[in-house]
Amino acid sequence: MRVRVLGDFETRHSTATLAEEGYLGGVNVLRVIERAHAEPPEHGASSVDIAHCPGFICAALRGTWHNHRPPTGR
């Protein structure tokens, strides 16, 4: 198993959402994704989305970022 420590840069959207808006429940993950879209990483960058709630609930999603590219030739 590989373990990666996330720093301030990697957690900036989550930290800002909690600091500015508080705990919103499941909506938090949508707000974090909205912030990422406003400041997108490079095409093909790896992504890890982690959501945790009070109690014993935790979910994680691993993905790859795909920047929208308009169709060519139009």
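Anything mentioned here points back to the structure above.
Draft legend 1. Spotlight on the packing of helix 1 (residues 12-21) against helix 2 (residues 27-38). Two numbers describe how helix 1 lies on helix 2: the axes approach to 9 Å, and their chain directions differ by 120°. With respect to helix 2, the element helix 1 is oriented oblique. Note that helix 1 runs across helix 2; the crossing there is right-handed. Contacts between helix 1 and helix 2 pair His13, Ser14, Ala16, Thr17, Leu18, Glu20 and Glu21 from the former with Asn28, Arg31, Val32, Arg35 and Ala36 from the latter. The residue makeup of the contact of helix 1 with helix 2, split by class, is four nonpolar, four polar and four charged.

Draft legend 2. Local environment of the layout of surface pockets. A volume near 1,500 Å³ is recorded for the largest pocket. Tallying contributions element by element places strand 1 (residues 46-52) first for the lining of the largest pocket, with seven residues. The residue makeup of the lining of the largest pocket, split by class, is 17 nonpolar, 13 polar and seven charged.

Draft legend 3. Main features of helix 1. Among all positions of helix 1, only His13, Ala16 and Thr17 are buried. The buried side chains of helix 1 occupy one side of the element, clustering within an arc of 100° when seen end-on. Its buried side turned inward, helix 1 meets helix 2. A positive phi of about 80° marks Gly22, the residue just after helix 1.

Draft legend 4. Spatial organisation of a nonpolar patch on the surface. The grouping of Leu24, Val27, Val29, Leu30 and Ile33 at the surface amounts to a nonpolar patch, some 380 Å² of accessible area in total. Locating Leu30 in the fold gives a position in helix 2.

About the thresholds
- Residues numbered from 1 in each chain as written.
- Predicted model: local features only at pLDDT ≥ 70, side-chain atom pairs only at ≥ 80, totals over all residues.
- Heavy atoms only, no water.
- Axes fitted to C-alpha atoms, helices over the stretch in contact; angles between N-to-C directions.
- Helix = DSSP H or I, 4+ residues; strand = E, 2+ residues; numbered from the N terminus.
- Parallel < 35°, antiparallel > 145°, perpendicular 65-115°, else oblique.
- Left-handed = near helix turned anticlockwise from the far one by under 90°.
- Contact = heavy atoms within 4.5 Å.
- Nonpolar A, V, L, I, M, F, W, Y, C, P; charged D, E, K, R; others polar.
- 1 Å grid on protein atoms, 1.4 Å probe; cavity = no way out; pocket = protein on both sides within 12 Å on 5 of 7 lines; lining within 4 Å.
- Points joined across faces, edges and corners; volume = space filled by probe spheres on them.
- Buried < 20%, exposed > 50% of the residue type's maximum accessible area, 1.4 Å probe, protein only.
- Arc of directions from axis to C-beta.
- Patch = residues over 30% accessible without salt bridge, like charges linked within 9 Å, V, L, I, M, F, W, Y side chains within 5 Å.
- Areas by Shrake-Rupley, 256 points an atom, 1.4 Å probe, with all protein chains shown as cover.
- Salt bridge = Lys/Arg side-chain N within 4 Å of Asp/Glu carboxyl O.

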